[in-house]
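# Inside the fold
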Amino acid sequence: MNALQTRIAVAETEAPLETPEADASLEVILEAWNSATERLQHTHEALQGEVARLSDELEAKNRELARKNRLADLGRIAAHVAHEVRNNLVPVTLYLSLLRRRLADAGDLEILGKVEAGFTALDATVNDLLGFTSHREPQWRSFLVRELVDEVCDSIGPQLEAQGVEPSIDVPPNTVVMADREMLRRAILNLTLNAVDAMPRGGELVVTSYDGPRGFELEIADSGPGLADDALPKVFEPFFTTKSNGTGLGLAIVSRIVGAHGGRVTAANCPDGGAAFTIELPRRAMGAAA
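Residues numbered from 1 in each chain as written. Predicted model: local features only at pLDDT ≥ 70, side-chain atom pairs only at ≥ 80, totals over all residues. Heavy atoms only, no water.

This brings us to the overall build of the chain. When you go through the chain residue by residue, the secondary structure sums to eight helices and seven strands. Surface accessibility of the chain: about 18,700 Å² in total, with carbon and sulfur atoms responsible for 56%. (Helix = DSSP H or I, 4+ residues; strand = E, 2+ residues; numbered from the N terminus. Areas by Shrake-Rupley, 256 points an atom, 1.4 Å probe, with all protein chains shown as cover.)

Set out below in structure tokens:
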């Protein structure tokens, strides 16, 4: 055996032999590595999802804060305008009353009647502005809902009759709620007038209620043309209106009143036509007030 052959034999003798134990250890290490890599990937994806969720939540809160700031500015402006207009309406209304008495003998008061109608509409606008800017807390007490609904419908009875609108009230006479009666009356009146405005050529005004374990619901529906799809998300926004002579505050006032009671108001189109507005008062809010 020459020197080269001797060195090769020695090298082969000294080389480590591959054993089943070594292969098993390497396999365990690779499995652990793959498992750790997968866990890191899942953690990374979960963190990405959480960051995206928090970013969306922050953006939504920023939009809501900007909206509240705009509403606060609008509220201050509206309150100032309403105050100034009302101060000037009082003497003008008095002068109109005096003028009516002086012209009573003339027998032609048509022009004066139109002037008074204009001031009445202006006074209604001022009331909407004042109602929108007021932040009165609810004065909680128990009362019968059916009596309140009948009271509202009776107050606009002449308008219902003149337009050929037939009221249908399905509210049990013994249903009691805990709320601010005057604030809820204003909300129901606004929704009712909104429904009547949607039926200038007549129709049906339907008022129904549901009193369940989670709370009380009152729905006011009309048989008018319904709401456009692009208008549904905006109907409760201040100053949004589809009417040529509307202030866009009536439904915003309803939303604010219901929100002050811890509830919400929703709008939807009826399957058979027309629109429906639903006031939801949660039982927990009424229970806490009691």
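Let us look at the side chain of D180. Topologically, D180 is positioned in the loop between β3 (176–179) and α6 (181–197). The exposure class of D180 is buried, given its relative accessible area of 3%. A distance of 3.0 Å separates a polar side-chain atom of D180 from the backbone nitrogen of M183. D180 has contacts with R136, E137, P138, Q139, F143 and H261, leaving out every residue within four places of it along the chain. (Buried < 20%, exposed > 50% of the residue type's maximum accessible area, 1.4 Å probe, protein only. Polar contact = N/O pair within 3.5 Å; in protein donor to acceptor, adjacent residues only side chain to side chain. Contact = heavy atoms within 4.5 Å.)

Going through the model one piece at a time under the given rule, you end up with eight salt bridges. Across the pair R53 and E50 runs a salt bridge whose closest N-O atoms are separated by 2.6 Å. Placement of the pair is R53 and E50 together in helix α2 (residues 20–103), with a separation of three residues, close to one helical turn. On the basis of relative accessibility, which here comes to 41%, the residue R53 falls in the partly exposed class. (Salt bridge = Lys/Arg side-chain N within 4 Å of Asp/Glu carboxyl O.)

With that out of the way, let us pick up the packing of helix α4 (residues 145–155) against α6. α6 packs onto α4 with a crossing angle of 50° between their chain directions and a minimal axis gap of 10 Å. Judged by the inter-axis angle, α4 sits oblique to α6. Our pair here, α4 against α6, has a crossing hand that is right-handed. Contacts from E147, L148, V149, E151, V152 and S155 in α4 reach R181, L184, R185, I188, L189 and T192 in α6. Grouping the constituent residues of the contact of α4 with α6 by class yields six nonpolar, two polar and four charged. (Axes fitted to C-alpha atoms, helices over the stretch in contact; angles between N-to-C directions. Parallel < 35°, antiparallel > 145°, perpendicular 65-115°, else oblique. Left-handed = near helix turned anticlockwise from the far one by under 90°. Nonpolar A, V, L, I, M, F, W, Y, C, P; charged D, E, K, R; others polar.)

Okay, α6 next. In this model, α6 (17 residues) spans 24 Å end to end at C-alpha, consistent with the 24 Å of a helix rising 1.5 Å per residue. Listing the buried residues of α6 in full gives R181, M183, L184, A187, I188, L189, N190, L191, T192, N194, A195 and V196. The N-capping residue of α6, defined by a side-chain oxygen 3.1 Å from the backbone nitrogen of E182, is D180. (Expected span 1.5 Å × (residues − 1).)

To continue, consider the nonpolar core. In terms of nonpolar packing, the biggest core is built from 39 residues, with L184, I188, L205, L218 and I279 touching the most fellow members. Elements supplying a minimum of two residues to this core: α4, β3, α6, β4 (203–212), β5 (215–221), α7 (250–260) and β7 (275–282). For this core, the element with the most residues is α6, which contributes eight residues. When near neighbours in sequence (up to four residues on either side) are disregarded, L218 contacts V145, V149, V171, I188, V207, T208, S209, F277, T278 and I279. (Core = buried A, V, L, I, M, F, W, Y, C linked by side-chain atoms within 4.5 Å.)

Relative placement of two packed helices is described by the angle separating their axes and the distance separating the axes. Packing of α6 against α7 brings their axes to within 9 Å, and their N-to-C directions diverge by 145°. The two elements α6 and α7 cross, and the hand of that crossing is left-handed. Contact with α6, carried on its side by M183, L184, R186, A187, N190, L191 and N194, involves G250, L251, I253, V254, I257 and A260 of α7 and no other residues of that element. Residues belonging to the contact of α6 with α7 are distributed by class as follows: nine nonpolar, three polar and one charged.

Each full turn of the α-helix corresponds to 3.6 residues, which orients residues three or four apart in the same direction. Among the residues making up α7, those that are buried are L251, A252, I253, V254, I257 and V258. A positive backbone phi angle near 80° is found at G262, which sits one or two residues after α7.

Pairing is mixed across the open sheet formed by five strands, whose spatial order is β2-β4-β5-β7-β6. One side of each edge strand has no neighbouring strand; the edge strands of this open sheet are β2 (165–170) and β6 (264–269). Between one strand axis and the next, the sheet turns through 15° on average, direction left out of account. In this sheet, β5 lies alongside β4 in antiparallel orientation, the contact comprising seven bridges. Within the sheet, the bridge partner assigned to V206 lies in β5 and is A221. Against the sheet, α4 engages β2, β4 and β5, with an angle of about 175° to β2. Its contacts with the sheet put α6 on β4, β5 and β7, and the angle it makes with β7 is roughly 165°. (Pairing = 2+ DSSP bridges.)

One pass over the full model with this rule turns up one aromatic pair. A centroid spacing of 6.1 Å and a plane angle of 90° characterise the contact between F236 and F277, whose relative ring orientation is edge-to-face. Linking F236 in the loop between β5 and α7 with F277 in strand β7, this pair joins segments that are 41 residues apart in sequence. As far as burial versus exposure is concerned, F236 and F277 are alike and both buried. (Phe/Tyr/Trp six-rings, centres within 6.5 Å; stacked < 30°, edge-to-face > 60°.)

With that settled, the discussion passes to the environment of G262. The topology assignment puts G262 in the loop between α7 and β6. Taking the C-alpha atoms as reference points, G262 and P282, 20 residues apart in sequence, are found 6.9 Å from one another.

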